[in-house]
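Next come the chains, spelled out residue by residue.
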Amino acid sequence: MKAGGLNAVQTYVMWNFHTQKEGVYDFTGDRDIQHFLQLANDTGLQVILRAGPYSCAEWEFGGFPWFLRQNSDVILRSSDPTYLSYVDAWMDELLPKLEPYLYNNGGPIITVQFENEYGSYSICDTAYLQHLVHKFREHLGPDVVLFTTDGYSAVYLECGALKSELVTVDFGPGGDPAKEFEDKEKFQPYAPLVNSEFYTGWLNQWGYPFTYVSADSVTETLDQILALNASVNFYMYVGGTNFAYWSGSVPGDDADVYDITSYDYDSPISESGDTTWKYFAIKETVSKYLPTPVESVPANSTKTSLKGIKLDSKGTLLIYFDFIASEDDYQSAKYPKSMEELGFDYGFVMYRYELKKDYPKNVTLAFPVNGIGDRVLIQTAMSHNHSAASYLATLDNDHKEAKSLDIEVGLQKGHFIVLFVENRGRLNGGKQMQTQQKGILGNITLDGEILEDWDMIHLKMEGLGSQILPPPDVPPSVAPVPIVYQAEVEMDIEDTFLNFTSFSRGVALVDNFNLGRYWPSKGPQQTLYVPKGIRNSTKFILTLVEFEERSEAETVDFLDYPVLNVLPN
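Residues numbered from 1 in each chain as written. Predicted model: local features only at pLDDT ≥ 70, side-chain atom pairs only at ≥ 80, totals over all residues. Heavy atoms only, no water.

One can describe the packing of helix H3 (residues 81–98) onto helix H4 (residues 126–140) by two numbers: an axis separation of 9 Å at closest approach and a directional angle of 30°. Compared by their axis directions, H3 and H4 come out roughly parallel. For the crossing formed where H3 meets H4, the hand is right-handed. In this structure, H3 uses Tyr-83, Leu-84, Val-87, Asp-88, Met-91, Asp-92, Leu-95, Pro-96 and Leu-98 to contact H4, whose residues at the interface are Tyr-128, His-131, Leu-132, Lys-135, Phe-136, Glu-138, His-139 and Leu-140. (Axes fitted to C-alpha atoms, helices over the stretch in contact; angles between N-to-C directions. Helix = DSSP H or I, 4+ residues; strand = E, 2+ residues; numbered from the N terminus. Parallel < 35°, antiparallel > 145°, perpendicular 65-115°, else oblique. Left-handed = near helix turned anticlockwise from the far one by under 90°. Contact = heavy atoms within 4.5 Å.)

Next up, the structure:
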């Protein structure tokens, strides 16, 4: 970034990245914000800090911790006292860590953003924004420059901005910056012009073509912005990755739409940290207005590849409870509960019901409208340890219609119905954030009767990668999905990209590190980024949990390039 001509770096602080259990905070490792700030300072980059509490960014729940949905009375992004009590507790933890790094204290932080695009939200609560300002100044002092970010039209500024703080707007290439700054100048004529989110690319979702934005369109509009003596922040300048379960979703009419694992964003610096043609085009444009940097552009990282890796089927996932669930992950209740009610954060929940009587063929298993959060894989099993389990179907949630399954086989008393429910990412925006929950939402009926007495188990995939699993008792060829596959791999410790040549949809692990969701059968993303930094040995265990269908070839490739824009026919 420094070598590209930039003088500042902007970063989010995601609330839920630092606290996954109420009152417990983590600022170590990748979460060490103070180390990041010091690195920026040592590099000669100033910092624009986006402190939330809401961020969006196509990130799980927009940065909110999942436990905010445990209390249905909490009104998000408002001056609701209960919500503010959560916010204040978080800010009382975060902001004192930032204060030593403020510009006035000799640090790199020049501005701090509170909230994000609040003018686009359904609640217009000025008291909430004023509360955030008071809280931020309580810890950061009266001289810190606070700012808001909103769309450039007056309708967004009316509820999203405060005239007492710096007002910035966002827009991408292709328009007329002078016109796009007009409403901001009318709203706050005495402050500098800032585009705090100038879009160099765009977000991407499963099932839609990857979005590319040309370097020419970016640099043409950038030139116009800088000619106005305006300030600009590139969103994004460096791509990233939604590892594990950090990718979010957006509300849709019939069903939500889910963000892909990669956040490459067609950025000037790619997901794997490589400079692109867009990087050099932007550098050339910036050099017209700022001194050319003396730093040389670092070389792109070495990539490695390995083809034709054969994985072994370890059988159905649900025989591995010892690896994916602890005693705290088991609960029972008369009726199904949501993940939030159960106190489960991310990933997967198994709902298990023991049949109390026999059922004939062709009975209907029915879910309520909007009752699946977000996808359910349905099995029957003969016992608690899921021997002789059989896959029946997979159902996706629908906001408008109830989902059901006609079970063609007879069901016996003492056998089990097993529901494997996947949380595919909480909404990162929209008013529906206020009411969403994950897991099973409501009562389930079988042949018109409400099913009572459920076991519910939180499944954590990361434990699967700790060792090569033993061979299953049931022949792998008859194991129902979800199926665990593993291989011991040996390759150079360099960046690489995992290509799922014969798999459809699931989660991938390198040892215990969760690379995130793969879904090549949906596209457009076909590969997952595997950074060398997650490995400390040339040897590792590759684990896939396949949800969609049994793989025939059972092979994958590691490529030295990403594949992000292939949609199946």
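Continuing now.
Now for the sheet that holds strand S14 (residues 330–333). Strands in a sheet are paired, the pairing made by backbone hydrogen bonds, and the direction either parallel or antiparallel. Strand order across the open sheet formed by 6 strands is S14-S25-S15-S21-S18-S19, with antiparallel pairing between neighbours. Each edge of the open sheet carries a strand with a single partner, namely S14 and strand S19 (390–396). If you compare each strand with its neighbour and ignore which way they point, the axes differ by 20° on average. With 6 bridges connecting them, strand S15 (residues 348–354) and strand S25 (residues 454–459) associate as antiparallel partners. Residue pairing in the sheet places Val-349 in a bridge with His-458 of S25. (Pairing = 2+ DSSP bridges.)

Let us look at the state of the cysteines. This model, assessed by the stated rule, comprises 1 disulfide. A sulfur-sulfur distance of 1.9 Å marks the disulfide that ties Cys-124 to Cys-159. As the torsion about the S-S bond is roughly -95°, the Cys-124-Cys-159 disulfide counts as left-handed. With a gap of 35 residues between them, Cys-124 in the loop between strand S3 (109–113) and H4 and Cys-159 in helix H5 (residues 154–160) connect regions that are remote in the sequence. Judged by its relative accessible area of 17%, Cys-159 is buried. (Disulfide = S-S within 2.5 Å. Buried < 20%, exposed > 50% of the residue type's maximum accessible area, 1.4 Å probe, protein only.)

Counted under the stated rule, the structure contains 22 salt bridges. Of the charged contacts, one joins Glu-138 and Lys-135 as a salt bridge, the two residues approaching to 3.3 Å between their closest N and O atoms. Of this pair, Glu-138 and Lys-135 both sit in helix H4, 3 residues apart, which is roughly one turn of that helix. For Glu-138, a relative accessible area of 46% translates into the label partly exposed. (Salt bridge = Lys/Arg side-chain N within 4 Å of Asp/Glu carboxyl O.)

With that settled, consider the packing of helix H8 (residues 215–227) against helix H9 (residues 277–286). Angle between the axes and distance between the axes are the two parameters that describe a pair of packed helices. Closest axis-to-axis distance for the H8/H9 pair is 10 Å, and the angle between their directions is 20°. Compared by their axis directions, H8 and H9 come out roughly parallel. In terms of crossing hand, the pair formed by H8 and H9 is right-handed. In this structure, H8 contributes Ala-215, Val-218, Thr-219, Leu-222, Asp-223 and Leu-226 to the contact, and H9 contributes Trp-277, Lys-278, Ala-281, Ile-282, Thr-285 and Val-286. A class-by-class count of the residues in the contact of H8 with H9 yields 8 nonpolar, 2 polar and 2 charged. (Nonpolar A, V, L, I, M, F, W, Y, C, P; charged D, E, K, R; others polar.)

The subject of this paragraph is the packing of aromatic side chains. Under the defined criterion, the tally for this structure stands at 42 aromatic pairs. Between Phe-67 and Tyr-86 the ring centres are 6.1 Å apart and the planes differ by 40°, which places this aromatic pair in the tilted class. Taken together, the residues Phe-67 in the loop between strand S2 (46–50) and H3 and Tyr-86 in helix H3 connect sequence positions 19 residues apart. Looking at Lys-97, its charged tip hangs above the ring of Phe-27, at a distance of 4.8 Å from the centre. (Phe/Tyr/Trp six-rings, centres within 6.5 Å; stacked < 30°, edge-to-face > 60°. Lys NZ or Arg CZ within 6 Å of the ring centre and 35° of its normal.)

Right, let's get into the pairing of strand S18 (residues 375–381). S18 sits mainly inside the fold: 7 of its 7 residues count as buried. Judged from the 6 bridges that link them, S18 and S19 form a sheet pairing that is antiparallel. Across the sheet, residue Leu-377 finds its bridge partner in S19, namely Thr-394. Bridge count for S18 against strand S21 (residues 416–422) is 7 bridges, and the pairing is antiparallel. Across the sheet, residue Val-376 finds its bridge partner in S21, namely Val-421.

Another point: the sheet that holds strand S6 (residues 194–199). The 7 strands lie next to each other as S1-S2-S3-S4-S5-S6-S7, forming an open sheet whose pairing is parallel. Edge strands, defined here as strands with exactly one partner in the open sheet, are strand S1 (8–12) and strand S7 (231–235). The average angle at which neighbouring strand axes cross in this sheet is 30°, direction not considered. Here H8 sits on the sheet and contacts S6 and S7; the angle it forms with S6, its principal contact strand, is near 175°.

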